[in-house]
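Listed below, chain by chain, are the residues.
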Amino acid sequence: MTELREPGDAAGWRDDPYGRHELRFFDGHRWTPYVRDGGTDSVDEPGGPIGDAKQRVRSSLLTEDVFVVERFTDLGRRWSDRSVLRPDGTKAGMLRRAAPPAPRSSGLKGLVSRDHAKHDVVELVDDKQAVVLTMIRPVGVAKTSVEVRDADGRDAGRIVQQSLRRTETTYALLGPNSHFLGDLQAENWVAWDLRIVDSHTREVATITRDWTGLDLAGPPRPDDYVVRINESVNEPLRTLVVACALSLEVVVKPYAEGL
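A. Structural context of the sheet that holds strand S2 (residues 23-26). Within the open sheet, the four strands sit side by side as S1-S2-S3-S4. Their pairing is antiparallel. The open sheet has two edge strands with one neighbour each: strand S1 (12-15) and strand S4 (40-43). The sheet shows a mean angle of 35° between the axes of neighbouring strands, direction not considered. In terms of strand pairing, strand S3 (residues 31-37) meets S4 through four bridges, oriented antiparallel. Looking at the pairing, Tyr 34 lines up with Val 43 of S4.

What follows is the structure, given as structure tokens:
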């Protein structure tokens with residue numbers, strides 16, 4: 001429901017109480033559909049859980065800025081659950097392939113149950129095994145398009161492959177209303193020098209094998225990589241940055257050269 005406030009509350013831009021955008025305009029009486037992300041205005045009708053519900057689903061995976069992702073590959077491209085570590089080597093969570101739910105399930109799980117064979121479904125869970133994000137990618141399509149869902153199964157946006165001039169490829173990060181928030185770019189995918197930029201082309205995250213400043217318990221494996229996210233990145237871009245960077249092999253085609 002739309003949250004009402006006392007008539008004396010001043011109108012203006014406030015943190016979005018629904019957690020889907022950076023800012024939402026409050027007209028002095030109620031929340032409006034006018035939202036703002038990184039200086040870009042759009043429209044999204046107010047509604048959904050507010051207050052305590054927003055805090056309940058917030059995970060350290062969506063607030064911390066540096067992660068190490070354990071990456072497993074073999075010639076058969078076989079999936080293996082992999083850990084997401086903090087800079088000190090402690091476990092922050094893991095990526096796991098979701099099991100098909102029971103056929104009687106409804107909502108998002110019902111959708112996955114009906115079409116599970118047509119999709120890769122991967123969950124990002126925290127260190128308490130609570131699901132933080134779900135990534136759904138259709139298989140057998142020419143271009144990658146990954147749907148991202150939050151802990152409550154709500155639409156958090158999409159990550160869509162784009163082919164540009166001279167066979168250049170990027171992956172656009174689109175918000176819940178399909179507005180452009182940024183994209184994943186690389187000068188050379190093989191060199192593992194990837195970056196995510198916002199809608200103003202400002203770098204907001206990097207994906208590398210640069211271990212500088214990390215104090216892991218043991219030496220990293222050759223296929224592991226490091227994710228660094230600027231602390232200034234807010235929602236809804238932060239959720240998509242985390243989804244993209246931590247589940248790179250879901251977002252980027254597993255057979256992409258160098259990955």
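Further notes follow.
B. Highlighting helix H3 (residues 237-246). The element H3 is extensively covered by neighbouring structure, given that 10 of its 10 residues are classed as buried. Within the sequence span of H3, burial applies to Leu 237, Arg 238, Thr 239, Leu 240, Val 241, Val 242, Ala 243, Cys 244, Ala 245 and Leu 246.

C. Inspection of the pairing of strand S10 (residues 145-149) at higher detail. Here three bridges tie strand S9 (residues 131-138) to S10, and the two strands are oriented antiparallel to one another. The partner of Thr 134 across the bridge, within S10, is Arg 149. Hairpin connection, S9 to S10: the antiparallel pair is bridged by six residues, and Gly 140 has positive phi, about 75°. Between S10 and the antiparallel strand that follows it, strand S11 (residues 155-163), lie five residues; Gly 153 among them carries a positive phi value of about 80°.

D. Representation of unusual backbone geometry. Residues Glu 235 and Pro 236 are joined by a peptide bond in cis, for which omega reads 5°. Here Pro 236 shows up in the loop between strand S16 (225-229) and H3. Unusually for a residue other than glycine, Ser 178 sits at a positive phi of about 70°. Topologically, Ser 178 is positioned in the loop between strand S12 (169-174) and strand S13 (180-186). Even without a glycine there, the phi angle at Thr 201 is positive, about 65°. For Thr 201, a relative accessible area of 59% puts it in the exposed group.

E. Geometry of the packing of aromatic side chains. Scanning the entire structure with this criterion turns up three aromatic pairs. Geometrically, the ring pair formed by Trp 13 and Phe 25 is edge-to-face, given 5.4 Å between the ring centres and 75° between the ring planes. Taken together, the residues span a long stretch of sequence, with Trp 13 in strand S1 and Phe 25 in strand S2 at a distance of 12 residues. Directly above the ring of Trp 13 sits Arg 36, whose terminal nitrogen or CZ lies 4.0 Å from the centroid.

F. Summary view of the pairing of strand S6 (residues 82-85). Burial along S6 is two-sided: Arg 82 and Val 84 and Ser 83 and Leu 85, pointing in opposite directions, are all buried. Across two bridges, the pairing between strand S5 (residues 66-69) and S6 is antiparallel. Counterpart to Val 69 in the pairing with S6 is Val 84. Taken together, S6 and the strand that follows it, strand S7 (residues 91-97), pair antiparallel across an intervening segment of five residues, in which Gly 89 is found at a positive phi of about 90°.

What counts as what
- Residues numbered from 1 in each chain as written.
- Predicted model: local features only at pLDDT ≥ 70, side-chain atom pairs only at ≥ 80, totals over all residues.
- Heavy atoms only, no water.
- Pairing = 2+ DSSP bridges.
- Helix = DSSP H or I, 4+ residues; strand = E, 2+ residues; numbered from the N terminus.
- Axes fitted to C-alpha atoms, helices over the stretch in contact; angles between N-to-C directions.
- Buried < 20%, exposed > 50% of the residue type's maximum accessible area, 1.4 Å probe, protein only.
- Phe/Tyr/Trp six-rings, centres within 6.5 Å; stacked < 30°, edge-to-face > 60°.
- Lys NZ or Arg CZ within 6 Å of the ring centre and 35° of its normal.

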